[in-house]
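Close look at the chain arrangement
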Amino acid sequence: MVLSRGWSLFLVAVGVWTWAIWPRFAVAIWNDERAWSAGAVGEGSPTGFLWVHALLIAASLAIGTTVGALGIRAWRATRRHPSHPSPPSPPPR
């Protein structure tokens, strides 16, 4: 299957967007008082709030990375397989 260049770019953009958003969200979760049992950032043990969000962030980054990589592969495939191939040549006589 060969995707169009537009869909390939969309997949790459989703991968980039994922890496632009989720690391910042990870920092916000880390700095949230609900993430720590002592109620202060970095003090006490991590709570379920932190672990659930860490799992969500890790899964999202993995999915975003995969989607972005597929977009790059699809973009490269469009260069090898033009969307309008030339008609087959007639058989030799």
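This section reports on the structure supplied with the text.

Here is what the cut-offs are and how they apply
- Residues numbered from 1 in each chain as written.
- Predicted model: local features only at pLDDT ≥ 70, side-chain atom pairs only at ≥ 80, totals over all residues.
- Heavy atoms only, no water.
- Helix = DSSP H or I, 4+ residues; strand = E, 2+ residues; numbered from the N terminus.
- Rg over C-alpha atoms; globule rule 2.2 N^0.38 Å.
- Buried < 20%, exposed > 50% of the residue type's maximum accessible area, 1.4 Å probe, protein only.
- Contact = heavy atoms within 4.5 Å.
- Areas by Shrake-Rupley, 256 points an atom, 1.4 Å probe, with all protein chains shown as cover.
- Axes fitted to C-alpha atoms, helices over the stretch in contact; angles between N-to-C directions.
- Parallel < 35°, antiparallel > 145°, perpendicular 65-115°, else oblique.
- Left-handed = near helix turned anticlockwise from the far one by under 90°.
- Nonpolar A, V, L, I, M, F, W, Y, C, P; charged D, E, K, R; others polar.
- Patch = residues over 30% accessible without salt bridge, like charges linked within 9 Å, V, L, I, M, F, W, Y side chains within 5 Å.
- Salt bridge = Lys/Arg side-chain N within 4 Å of Asp/Glu carboxyl O.
- Lys, Arg positive; Asp, Glu negative; His and termini not counted.
- Charge placed at Lys NZ, Arg CZ, Asp CG, Glu CD.

Overview of the overall build of the protein chain
A tally of helices and strands in the protein chain yields 2 helices and 0 strands. Relative to the globule expectation of 12 Å for 93 residues, the C-alpha radius of gyration of the protein chain, 22 Å, shows a markedly less compact shape. In terms of its C-alpha atoms, the protein chain occupies a principal-axis envelope of roughly 85 × 15 × 10 Å. Residues counted as buried form 22% of the 93 residues belonging to the protein chain. Sequence separation of at least 24 residues holds for 56% of the intrachain contacts in the protein chain that already meet a minimum separation of 6. Surface summary for the protein chain: the accessible area is close to 7000 Å², and the carbon and sulfur share equals 68%.

Quick word on the packing of helix H1 (residues 5-30) against helix H2 (residues 48-80)
Between H1 and H2, the shortest axis-to-axis distance is 7 Å and the interhelical angle comes to 160°. Compared by their axis directions, H1 and H2 come out roughly antiparallel. For the crossing formed where H1 meets H2, the hand is left-handed. For the contact of H1 with H2, the per-class residue count stands at 20 nonpolar, 10 polar and 2 charged.

What about a positive patch on the surface?
Side chains of Arg5, Arg73, Arg76, Arg79 and Arg80 sit close together on the surface and give a patch of like positive charge. For the positive patch, the leading source of residues is H2, giving 4 residues. Locating Arg80 in the fold gives a position in helix H2. The exposure class assigned to Arg80 is exposed, which follows from its relative accessible area of 58%.

A closer look at the pattern of salt bridges
The tally for this structure, following the rule as stated, stands at 1 salt bridge. The partner of Arg34 in a salt bridge is Asp32, and the shortest N-O contact between them spans 2.7 Å. Asp32 gets classed as buried once you look at its relative accessible area, which sits at 18%.

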